[in-house]
Amino acid sequence: MSAGSAGETLVMPQGLRRAAVALSSLSLATVLGAGMVFVTQMILARQLGASAYGLFASSLATVTIVAPLAGFGLSRFRLMVYGVEGWAADRWLPSTLWFSAITTVLALGIVVAWAFTLAPTADTRFTLLVLSPAILALFAVDLVGNKLRLEERYHALSGWYLLIPGGRLGVAALLLLFPALTVGFVAVGYGVVSLAIALLGAPALYALMRGDVKLHGHGPRVEPQVPGKVPAITELWSQAWVYGATAVLYPVFFQVGTVLLKYLDSNVQAGLYGIAMAVISAIYLIPATIYQKYLLSKLHRWAVHDKAKFRLVYRQGIVAMLALGLLVGATVAILAPWFVPLAFGTEYRGVVAVLAVLALCAPLRFLSTAVGAVLLNRAQMGYRVRAMGLAALVTIAFNVLLIPLYHALGAAFATVGGEIALVAMMARGAYRCRHEYR
């Protein structure tokens, strides 16, 4: 082989190099974000104690469950329509502006109503109310991240997704400096951070709503000879509700155990389970980063314009994600008896058994994310809603049955049951639509 040809074999194709750089940036941000989340939970658990931490964790989980109502799936919907329509998708922007405003007010109203009607104590009511701005922050992060994904500005996207964990870590760090601070201070601090992030994202949100997006992968902007029809909000609802339902069902499925432990058991058990779920949620950032932050906009485009590439990425993704999930799950189960007492203290030794059960969720979630990546269009998203709904019902039912008997450990088994149901439903859906991408 000549020196020239040997040199050529060492040169990475430009597209592959860009993908590697983007994934490296997003992966680094994921690791940093997961580390921030873990350290934050460690500080809060140690400084607040199991009962106060359980009060805070369950209240934050409640707000997190309601938060996806703000926007109600517009992020996923926007990726879909821009992937299919290209620049013509700007016609949806006026409707999405009104839809976003209405659903955000609705989400905030639900949290306020929950605080005044369902909160069992004054402390819970106060915590829910001051945490409610987290809805605005999560909405802003989602929509600005949506814009950055359409533009494939992955370095900026990486930094943007670190704002919430970074701000919350700053609040937790103040507990180390001032140990006398209470759970009320932490809740207020989270609320202030959320408002700051929402304000920081306002210019980018305004640009997105005006159509000021440097759309990647569709060539230069071309003004249509005949302006596209501006859809009404009712038409937007008919197209986007499946994406919104999926977004709402996910936190119900994922966070409901922490909330139910508070109402069916105690703040202490909710605190123990909250610690374990903090670890698992950090792990779940891995498939979310790969598929939601990096691949999703590309998959929508390839599914229509390059089906061969879509099939290749899909098949390789399933194998890679299952292997990675097994490795991560095994690592958690092996290390839990050592790092839980070290990181959180002996008060949380009961978390070890809970984490050992939840470690089973890692390969299940990694696999369901990869298998379900084929469910992209509106009809397939309707099936995804039914799959998530069934998984949520399975999880809730098992929680109600098992929490009174096994406390936090029962909630962990319920979550595993829900993950198994989700994998089975995603596999069934993928099999049903296998002919659409040939």
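Please refer to the structure placed before this passage.
Only a predicted model underlies this, so the values are computations on that prediction, with no experimental measurement involved.

Trainee: Would you mind going over the overall build of the chain with me for this structure?
Mentor: Secondary structure summary: the chain contains 17 helices and zero strands in total. With 438 residues in all, the chain has 55% of them scored as buried. For the chain, long-range pairs separated by at least 24 residues make up 84% of all intrachain contacts whose partners lie at least 6 apart in sequence. A total of about 18900 Å² of accessible surface is found on the chain, and carbon and sulfur atoms cover 71% of it.

Trainee: Quick question: what am I supposed to make of the layout of surface pockets here?
Mentor: When its volume is computed, the second largest pocket comes out at roughly 400 Å³. If you trace the second largest pocket, you find 16 residues lining it, with Ala34, Val279, Ala282, Ile283 and Val332 closest to the centre. The set of elements that each furnish at least two residues to the lining of the second largest pocket consists of α2 (14–48), α12 (267–305) and α13 (307–344). Its residues placed into classes, the lining of the second largest pocket shows 12 nonpolar, four polar and no charged.

Trainee: Before we go on, may I ask you to explain helix α5 (residues 93–117) in this structure?
Mentor: Counting along an α-helix, one turn takes 3.6 residues, and residues three or four places apart therefore face a common direction. With 25 residues, α5 extends 36 Å between its outermost C-alpha atoms, agreeing within 8% with the 36 Å of an ideal straight helix rising 1.5 Å per residue. When we look at burial in α5, the residues that qualify are Leu93, Ser95, Thr96, Phe99, Ser100, Thr103, Thr104, Ala107, Val111 and Ala115.

Trainee: Before we go on, may I ask you to explain the side chain of threonine 40 in this structure?
Mentor: Looking at where threonine 40 falls in the secondary structure, it is placed in helix α2. Residue class for threonine 40 comes out buried when judged on its relative accessible area of 2%. Among the polar contacts made by the side chain of threonine 40, one reaches the main-chain carbonyl oxygen of methionine 36 at a distance of 2.7 Å.

Trainee: So what exactly am I meant to see when it comes to the packing of α13 against helix α14 (residues 351–358) here?
Mentor: Packed helices, taken two at a time, are described by their axes: the angle between them and the distance between them. At their nearest, the axes of α13 and α14 sit 9 Å apart, and the two run at 160° to each other. Classified by the angle between their axes, α13 and α14 sit roughly antiparallel to one another. Remark: the crossing between α13 and α14 carries right-handed chirality. Contacts between α13 and α14 involve Val332, Ala336, Pro337, Phe339, Val340 and Pro341 on the former and, on the latter, Val351, Val352 and Leu355. Of the residues assigned to the contact of α13 with α14, the class counts are nine nonpolar, no polar and no charged.

Trainee: Would you take a moment to explain the pattern of salt bridges for this structure?
Mentor: A side chain of one charge can pair with a side chain of the opposite charge if their charged atoms are brought near each other. Considering all chains together, one arrives at one salt bridge under this definition. Put simply, glutamate 419 and arginine 365 hold a salt bridge, and the shortest N to O gap is 2.9 Å. With glutamate 419 in helix α17 (residues 408–432) and arginine 365 in helix α15 (residues 361–371), the pair connects residues that are 54 residues apart, well separated along the chain. Given the relative accessible area of 6%, arginine 365 is considered buried.

Quick notes on the rules
- Residues numbered from 1 in each chain as written.
- Predicted model: local features only at pLDDT ≥ 70, side-chain atom pairs only at ≥ 80, totals over all residues.
- Heavy atoms only, no water.
- Helix = DSSP H or I, 4+ residues; strand = E, 2+ residues; numbered from the N terminus.
- Buried < 20%, exposed > 50% of the residue type's maximum accessible area, 1.4 Å probe, protein only.
- Contact = heavy atoms within 4.5 Å.
- Areas by Shrake-Rupley, 256 points an atom, 1.4 Å probe, with all protein chains shown as cover.
- 1 Å grid on protein atoms, 1.4 Å probe; cavity = no way out; pocket = protein on both sides within 12 Å on 5 of 7 lines; lining within 4 Å.
- Points joined across faces, edges and corners; volume = space filled by probe spheres on them.
- Nonpolar A, V, L, I, M, F, W, Y, C, P; charged D, E, K, R; others polar.
- Expected span 1.5 Å × (residues − 1).
- Polar contact = N/O pair within 3.5 Å; in protein donor to acceptor, adjacent residues only side chain to side chain.
- Axes fitted to C-alpha atoms, helices over the stretch in contact; angles between N-to-C directions.
- Parallel < 35°, antiparallel > 145°, perpendicular 65-115°, else oblique.
- Left-handed = near helix turned anticlockwise from the far one by under 90°.
- Salt bridge = Lys/Arg side-chain N within 4 Å of Asp/Glu carboxyl O.

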